[in-house]
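The lines below spell out each chain.
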Amino acid sequence: MAKSRLGRGLSSILDDVEDAYRKDVEEDASIVKEIPLEHIVPNIYQPRTYFDEDALKELSNSILRHGLLQPIVVVVRDEGYMIIAGERRYRASKMANLSTINAIVANYDSHNLRELALIENIQRENLGPLELANSYKELIHEYNITQEELSDIIHKSRSQITNTLRLLALSPYTQTLLTEGKITQGHAKVLVGLDEKTETMLADTIVGQKLSVRDSEDLIKSIKNAPVKKTTTTKEIEEIKNIKKVAKKLKDFGFNVQKNSTKIVINFSDEENVEKFLNIIES
């Protein structure tokens, strides 16, 4: 899809979704149909990949008590229907063992379904951080636009989009912790940019010690500011070995020797001891 058409295309999609929800179903009951759940399939373009079971159970109980307050939105697909808005309500209704669900049957061209699923979820802010990041990435790639242009279209700040996209640089292990809610987006953001081994170690530390975001930031700063341990070269190792050999020989001759990795200190008890040492090194 051409870059110049993006603003108008996505705006019209958003308007269509919002119009569907704003319609007065009491005045026009024909727009809402009671559809068997078995005739409905999820949107294949749905960006949400993780559905919290506890949250679904809570919604399911609410639907059983109060009914479905807002219809889902579907389109005709093959011989059934495909969801374009309301998959959580659909899943919660199935969890409640309902056989049907109220739905608005919308009319969208098939090429709009991916954009519709992405934008509907982004605007309603019900995606997880990584799902949101992948949605941003897909829209930027699909339309060949900049983060600034995406910011203008979806009304999110440029910095929010940038920080969210950076989460995709995390290792799969850390991304799983974020998806499962074991670390927050704030925790994840401070882990971006570390090597994978350090990132994994710190992620485990955050989970294990239940660190706050501030504590995590302080821990990472302390690691980054820690002095780098010098690696001993092969040449330095040989020099240390030679020092040890010389020190051993001097001890064998009865000298009082102290040594470290870089020097040997000989303590002479008297002048005769000094003469003895000089005779050894001159011989």
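That block above? That's the structure.
Our subject in this report is the structure included herewith. As the structure is a prediction and not an experimental result, all values here were calculated from the model.

## Brief notes about the overall build of the protein chain
Move 1: Helix and strand counts for the protein chain stand at 13 helices and 7 strands.
Move 2: The buried share of the protein chain, taken over its 283 residues, is 36%.
Move 3: Within the protein chain, contacts between residues separated by at least 24 positions form 63% of all contacts whose residues are at least 6 apart in sequence.
Move 4: Of the roughly 17600 Å² of accessible surface on the protein chain, a fraction of 48% belongs to carbon and sulfur atoms.

## Brief notes about the packing of helix H10 (residues 196-209) against helix H11 (residues 213-225)
Move 1: Closest axis-to-axis distance for the H10/H11 pair is 11 Å, and the angle between their directions is 145°. For H10 against H11, the interelement crossing comes out right-handed. Contacts between H10 and H11 involve Met201, Leu202, Thr205 and Ile206 on the former and, on the latter, Ser216, Leu219, Ile220 and Ile223.
Move 2: Residues of the contact of H10 with H11, tallied by class, amount to 6 nonpolar, 2 polar and no charged.

## Brief notes about the side chain of Ser93
Move 1: Tracing the backbone shows Ser93 in helix H3 (residues 87-95).
Move 2: Discounting residues that sit within four places of it in the chain, Ser93 has contacts with Leu37, Ile63, Leu98 and Ile101.

## Let's talk about the pairing of strand S5 (residues 100-105)
Move 1: Across 5 bridges, strand S1 (residues 32-36) lies against S5 in antiparallel orientation. Each bridged residue has a counterpart across the sheet, and for Lys33 the counterpart in S5 is Ala103.
Move 2: In this sheet, S5 lies alongside strand S3 (residues 72-77) in parallel orientation, the contact comprising 3 bridges. Bridging across to S5, Ile72 finds its partner in Ala103.

## A few points about the sheet that holds strand S2 (residues 40-41)
Move 1: Across the sheet, which stays open at both edges, the 5 strands sit in the order S1-S5-S3-S4-S2 with mixed pairing between neighbours. Only two strands of the sheet have a single neighbouring strand rather than two, namely S1 and S2.
Move 2: Note: S3 against strand S4 (residues 80-85), 5 bridges, orientation antiparallel. Bridging from a neighbouring strand, Val74 pairs with Ile83 of S4.

## Notes on the pattern of salt bridges
Move 1: Within this structure, the stated rule accounts for 4 salt bridges.
Move 2: A salt bridge links Arg158 to Glu148, with the nearest nitrogen and oxygen atoms 3.3 Å apart. Residue Arg158 is located in helix H7 (residues 158-166), and its partner Glu148 is located in helix H6 (residues 147-154); the two are separated by 10 residues in the primary sequence.
Move 3: In this structure Arg158 comes out as partly exposed when scored by relative accessible area, which is 40%.
Move 4: On the basis of relative accessible area, Glu148 is assigned to the partly exposed category, the value being 39%.

## Notes on the side chain of Glu131
Move 1: By the element assignment, Glu131 lies in helix H5 (residues 129-143).
Move 2: Within polar-contact distance, the side chain of Glu131 engages the backbone nitrogen of Gly128 at 2.8 Å.

## Comments concerning helix H2 (residues 53-66)
Move 1: For H2, built from 14 residues, the straight-helix expectation of 20 Å at 1.5 Å per residue is met to within 8% by its first-to-last C-alpha distance of 20 Å.
Move 2: Every buried residue of H2 is accounted for by Leu56, Ser60 and Ile63. Along H2, the residues classed as buried sweep out an arc of 60° about the axis, all on the same side. Exposed positions of H2 whose direction lies more than 90 degrees from the buried face are Asp54, Glu58, Arg65 and His66.
Move 3: Tucked into the core, H2 has its buried residues touching H3.

Conventions we followed
Every residue gets a number counted from 1 within its own chain, in the order that chain's sequence is written. With pLDDT at 70 or above as the cut-off, local features in this predicted model cover only qualifying residues; side-chain atom pairs require 80 or more to be listed or tallied, and sums for whole chains, interfaces and linings still use all residues. Water and hydrogen atoms were dropped before computing side-chain values, which therefore reflect all heavy atoms in the structure. Each helix is a run of H or I in the DSSP string that is no shorter than four residues. Each strand is a run of E no shorter than two, and both are numbered from the N terminus. Summary of the burial criterion: residues with accessible area below 20% of their type's maximum are buried, those above 50% are exposed, and those between are partly exposed, where the area comes from a 1.4 Å probe applied to protein chains only. Contacts are assigned to residue pairs that have any heavy atoms within 4.5 Å of one another. To be clear on the numbers: accessible area is Shrake-Rupley with a 1.4 Å probe, and residue cover counts the displayed protein chains and nothing else. Angles shown run from 0 to 180 degrees and are taken between the N-to-C directions of axes, each axis being a line fitted to C-alpha atoms and, for helices, limited to the stretch in contact. In a left-handed crossing the near helix is turned counterclockwise from the far helix by less than a right angle, and in a right-handed crossing that turn is clockwise. When residues are grouped by polarity, Ala, Val, Leu, Ile, Met, Phe, Trp, Tyr, Cys and Pro land in nonpolar, Asp, Glu, Lys and Arg in charged, and all others, Gly among them, in polar. When DSSP finds at least two bridges between two strands, those strands are taken to pair. Whenever a carboxyl oxygen of Asp or Glu lies within 4 Å of a side-chain nitrogen of Lys or Arg, that contact is scored as a salt bridge. Contacts described as polar in this section are N or O atom pairs within 3.5 Å, which, within protein, must combine one atom able to donate a hydrogen with one able to accept it, while residues neighboring in sequence count only if both atoms come from side chains. Multiply 1.5 Å by the residue count of a helix minus one, and that product is the helix's expected span. Working note: the arc is built from the helix axis to C-beta atom directions.

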